Amino acid sequence: MPTDGQSLVVLRLEDFTDLLQKSLSSPRRRAAKGLRAPEDPVQILVNCLQPGTCLMPHRHTGRPETRYVIDGMIALLRFNDQGDVLEFVLADTGTVVTTPAGEWEMMVAMKANTTILDIITGPYNPATHKENAPFAPEENDQEAAQEYLKIIEGWLSSQAHP
């Protein structure tokens, strides 16, 4: 055992399986595990996502956010201040996408059992971590969030795949 108060963080196949099972039974259709302490200067999170979930439009002021798709597929959208889609990417297994600091973004799960690694500078403070977009519903308003997600999914299905 380490004597310096530090230890390696290891996720094994059974940990990913457990997270995927939690995402399937979660009302929000996702589950996450943080790999760093909230006060650490870099935050790393494993997110397991199911179709029917998304991260509502939000931004991180002064901090870019990078996602690595371990398995599955996400749609990552970038918006202007009025809520118009400026660009989007369908990111599948092995893809890395970085959203610039201060940009409105939204992530949508496109395939079952999608697993991503999310990296953003810290420290993590729930009160200041992200700013929700004024043009979209709050994530905790499940009914409005699902309606908004259906609109975005319809828009995505009408687009030619980039």
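These numbers come from a predicted model, not from an experiment.

Novice: Mind showing me how you'd approach the environment of Glu87 here?
Specialist: With respect to the secondary-structure elements, Glu87 resides in strand β6 (residues 85–92). Taking the relative accessible area as the measure of exposure, Glu87 reaches 44% and is therefore partly exposed. Once the C-alpha coordinates of Glu87 and Glu147 are considered, the two residues, 60 residues apart in sequence, prove to be 21 Å apart. Setting aside residues up to four positions removed in sequence, Glu87 forms contacts with Leu76, Leu77 and Arg78. Within the structure, the side chain of Glu87 is placed 2.7 Å from the side chain of Arg78, a separation counted as a polar contact.

Novice: Help me understand the environment of Val89 in this model?
Specialist: Structurally, Val89 can be placed in strand β6. What makes Val89 partly exposed here is its relative accessible area of 28%. The spatial distance from the C-alpha of Val89 to the C-alpha of Pro100 is 14 Å, given a sequence separation of eleven residues.

Novice: Please clarify how unusual backbone geometry should be interpreted in this entry.
Specialist: Outside of glycine, negative phi angles account for most residues, and trans bonds account for most peptide bonds. Cis peptide bonds are those with omega within 30 degrees of zero, and the linkage from Gly122 to Pro123 qualifies with -5°. Among the secondary structure elements, Pro123 is positioned in the loop between β9 (114–121) and β10 (131–132). A positive phi angle, near 65°, is found at Arg29, a position not held by glycine. Tracing the chain through its elements places Arg29 in the loop between α1 (13–25) and β1 (30–34). A residue is classified by how much of its surface remains accessible, and Arg29, at 27% relative accessible area, is partly exposed. Phi is positive for Asn113, close to 60°, though the residue is something other than glycine. Relative to the helices and strands, Asn113 is located in the loop between β8 (104–109) and β9. Look at Asn113 and you get partly exposed, because its relative accessible area is 31%.

Rules of the game
Residues numbered from 1 in each chain as written. Predicted model: local features only at pLDDT ≥ 70, side-chain atom pairs only at ≥ 80, totals over all residues. Heavy atoms only, no water. Helix = DSSP H or I, 4+ residues; strand = E, 2+ residues; numbered from the N terminus. Buried < 20%, exposed > 50% of the residue type's maximum accessible area, 1.4 Å probe, protein only. Contact = heavy atoms within 4.5 Å. Polar contact = N/O pair within 3.5 Å; in protein donor to acceptor, adjacent residues only side chain to side chain.

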